[in-house]
Amino acid sequence: MSPSGTPARPAVVLLTLGALAYTAWVLEVLLHTGLDPVQTYVSELGAVDQPLGGLFRATDLTAGVLVLAGSAWALWRCERRPWTVTGWAALVLFGASTVADSRLPLSCAPTVDPECAARETAGLVPATHTAHAVSSSLAMAGALVGIVALTVAARRYGRWAPLARVGPVLVVLELTVTLWTLAAIAAFEAGRGTWSLGAGQRAQVLLVAVWLGVLAYAVARENRV
């Protein structure tokens, strides 16, 4: 966004609220979900057969809509520099895919329900399981590209000082927990346990939310200046 007066407030507000909504899964600390946060997918909180599934699907939908709107506004108003455009466009993909994710819930929780896992392996679950896997992958790909691209933009173009300082650390942490999560998913699908899949994935989505918060703060701070 331009430091010369381009309105940034809509993007700042939307991204901040989106980051908060994207951390709604921490409510599992207070609410009895019956799912182990260390071992289970975050998306299993929103599974159709879970008692609080509707709540977590609604918060995912809210987060996706807010980030989609905020990043689309920023993409429309941003400087036409490669890293900046790539970063905001990736966040648009992240927001849109998160919306899709919330509308394509799992029917059951495979990490805690052996029957569900068996049906999933045999291809006897609804098509939403496959669609959910695709939308989740697109969402995280968009988040990763956005995190890297806008952090590079902040440093290369001399923009968004807080993001330029903190962003590289968050990038390294995000890539590390993403590798952990991918390894844990592969282990689970190979029948070798979960490898604390839930902890890795929760760290992954928490870091995305933290990075979004830092981005929103950096944009707001620069806009004031």
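So, here is what we can say about the structure in this document.

Scoring rules and cut-offs
- Residues numbered from 1 in each chain as written.
- Predicted model: local features only at pLDDT ≥ 70, side-chain atom pairs only at ≥ 80, totals over all residues.
- Heavy atoms only, no water.
- Salt bridge = Lys/Arg side-chain N within 4 Å of Asp/Glu carboxyl O.
- Helix = DSSP H or I, 4+ residues; strand = E, 2+ residues; numbered from the N terminus.
- Buried < 20%, exposed > 50% of the residue type's maximum accessible area, 1.4 Å probe, protein only.
- Phe/Tyr/Trp six-rings, centres within 6.5 Å; stacked < 30°, edge-to-face > 60°.

**Side note on the pattern of salt bridges**
When the charged atoms of two side chains lie near each other, side chains of opposite charge can form a pair.
Here is step 1 of the chain: One pass over the full model with this rule turns up four salt bridges.
Here is step 2 of the chain: Note that Glu79 is salt-bridged to Arg159, the shortest N-O span being 2.5 Å. With Glu79 in the loop between α2 (53–77) and α3 (82–103) and Arg159 in the loop between α5 (128–156) and α6 (161–189), this pair connects stretches of sequence that are 80 residues apart.
Here is step 3 of the chain: A relative accessible area of 7% means that Arg159 is categorised as buried.
Here is step 4 of the chain: When the shortest N-O distance is used, the salt bridge between Arg119 and Glu115 registers 3.3 Å.

**Notes on the environment of Leu61**
Here is step 1 of the chain: Its place among the elements puts Leu61 in helix α2.
Here is step 2 of the chain: For Leu61, a relative accessible area of 27% translates into the label partly exposed.
Here is step 3 of the chain: Along the primary structure Leu61 and Ala21 are separated by 40 residues, whereas in three dimensions their C-alpha atoms are 8.9 Å apart.

**Some points on the packing of aromatic side chains**
Here is step 1 of the chain: The final tally for this structure, using the stated rule, is four aromatic pairs.
Here is step 2 of the chain: Ring centres of Tyr22 and Phe94 lie 5.3 Å apart, and the angle between their planes is 85°; on these two criteria the pair is classed as edge-to-face. Here the residue Tyr22 occupies a position in the loop between α1 (9–21) and α2, and Phe94 occupies one in helix α3, the gap between them amounting to 72 residues. Accessibility classification places Tyr22 together with Phe94 in one group, the buried group.
Here is step 3 of the chain: For the ring pair Trp88 and Trp160, a centre distance of 6.2 Å and an interplane angle of 80° mean the geometry is edge-to-face. One end of the pair, Trp88, is in helix α3; the other, Trp160, is in the loop between α5 and α6, with 72 residues separating them in the sequence.
Here is step 4 of the chain: Overall, Trp88 belongs to the buried group, its relative accessible area being 0%.

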